[in-house]
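Examination of the molecular architecture
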Amino acid sequence: MREPRGRTEVAIADESEDPASACARDVLELLAATGVAGATVADVVAGTGRNRSVVSRLVADLAELGLVVRDPRTRRIRLDWTWYVLAARAGQQRLVSRGQIVLDQLAADVGETAYLVVREGRNAVTRAEAIPRQRSIQATSWVGRSWPIARSDAGPALLLDTRAEDLGDAIGRGALMRAGAAPNAPRTVAEFAALVEVARRTGYSALDEQAEAGVGSAAAPVHDVTGRIAAALVVGGPISRMRSRLDVIGERVAAAASRLAQDLGAARGRKMNDGTIT
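Attention in this report is confined to the structure presented alongside it. (Residues numbered from 1 in each chain as written. Predicted model: local features only at pLDDT ≥ 70, side-chain atom pairs only at ≥ 80, totals over all residues. Heavy atoms only, no water.)

With that settled, consider the overall build of the chain. Within the chain, the secondary structure is distributed over 10 helices and 8 strands. Expressed as a percentage of the 278 residues in the chain, the buried residues total 42%. By sequence separation, contacts in the chain at least 24 residues apart represent 58% of the contacts at least 6 residues apart. Just so you have it, the chain exposes about 14,900 Å², and 52% of that area is on carbon and sulfur atoms. (Helix = DSSP H or I, 4+ residues; strand = E, 2+ residues; numbered from the N terminus. Buried < 20%, exposed > 50% of the residue type's maximum accessible area, 1.4 Å probe, protein only. Contact = heavy atoms within 4.5 Å. Areas by Shrake-Rupley, 256 points an atom, 1.4 Å probe, with all protein chains shown as cover.)

This is the structure we're talking about:
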């Protein structure tokens, strides 16, 4: 997204672009940048360099179409929530489509099944997977399945940016108490927080039967353009194959997650909760 232009700067549209379309684009981009706070007509005029009467007419047309709303008290204009819903859906589709490419490469690289997992409340949901050719006969698809985030291989990676004091609410304390199926599963919030802290230091989580009996896994977060965690990449397999390679696979998962994040537009440098830059 472009920075808003100053009052004296004149907007120059592409020669092939209709002037009205260019004006609408500029106004919508500026409103998108202001978010829920919105902007007055004067703000839009100053930010786009467009003529006030043209902006006023355009805003009226956009409001009639239901694309923008105007606060009757403050007269500030903002995008209708429909835009954000559509953007979220488009973002999820792009995450999955781009993620599948990365998953295919990652699974072929490490020889184990790779997953793209997103957080939905206190659950982790698999959105895509890639099964290496040598494992395809014995593998069962996990796409669409939901699992408590406290007992998911993706859990520590999905909650990497969550503050320690907020982890209890994020995972649900009862979920940890029911996690007895895995021999090394965290039984307390503090134990789960320790897994998150290790993942924060290394850039990936490496679980040795903490999520599921007999299973080892490595996971790393995928950040979106806003810097928030949009998903996690996970590689999992029998602990007999994974245990000696957990850290090596973890590094490869982290590298793949970084590539996907950059493909989604995330910045290379990201500020963590403790102020460090990764």
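After that view of the structure, there is still more to cover.
Here 4 bridges tie strand β6 (residues 205-208) to strand β7 (residues 215-223), and the two strands are oriented antiparallel to one another. Bridging from a neighbouring strand, alanine 206 pairs with alanine 218 of β7. Two successive antiparallel strands, β6 and β7, enclose a turn made up of 6 residues, where glutamate 209 displays a positive phi of approximately 60°. (Pairing = 2+ DSSP bridges.)

Quick look at the packing of helix α1 (residues 19-34) against helix α3 (residues 52-64) now. Contact geometry of α1 with α3 gives a least axis separation of 11 Å together with a crossing angle of 75°. Considering the angle they form, α1 stands roughly perpendicular to α3. For the pair formed by α1 and α3, the contact residues are Cys23, Ala24, Val27 and Leu28 on the first element and Val54, Leu58 and Leu62 on the second. Of the residues belonging to the contact of α1 with α3, the class tally is 7 nonpolar, no polar and no charged. (Axes fitted to C-alpha atoms, helices over the stretch in contact; angles between N-to-C directions. Parallel < 35°, antiparallel > 145°, perpendicular 65-115°, else oblique. Nonpolar A, V, L, I, M, F, W, Y, C, P; charged D, E, K, R; others polar.)

Looking now at the pattern of salt bridges. Per the stated rule, a full pass over the model turns up 12 salt bridges. Between aspartate 26 and arginine 25 there is a salt bridge whose closest N-O contact spans 3.0 Å. What makes aspartate 26 buried here is its relative accessible area of 2%. By relative accessible area, which is 25% here, arginine 25 ends up partly exposed. One salt bridge in this structure joins aspartate 208 and arginine 243, with 2.8 Å as the shortest N-O distance. Of this pair, aspartate 208 sits in strand β6 while arginine 243 sits in the loop between α9 (239-242) and α10 (246-263), and the two are 35 residues apart along the sequence. Here the salt bridges share partners, and the residues they tie into one network are Arg25, Asp26 and Arg50. (Salt bridge = Lys/Arg side-chain N within 4 Å of Asp/Glu carboxyl O.)

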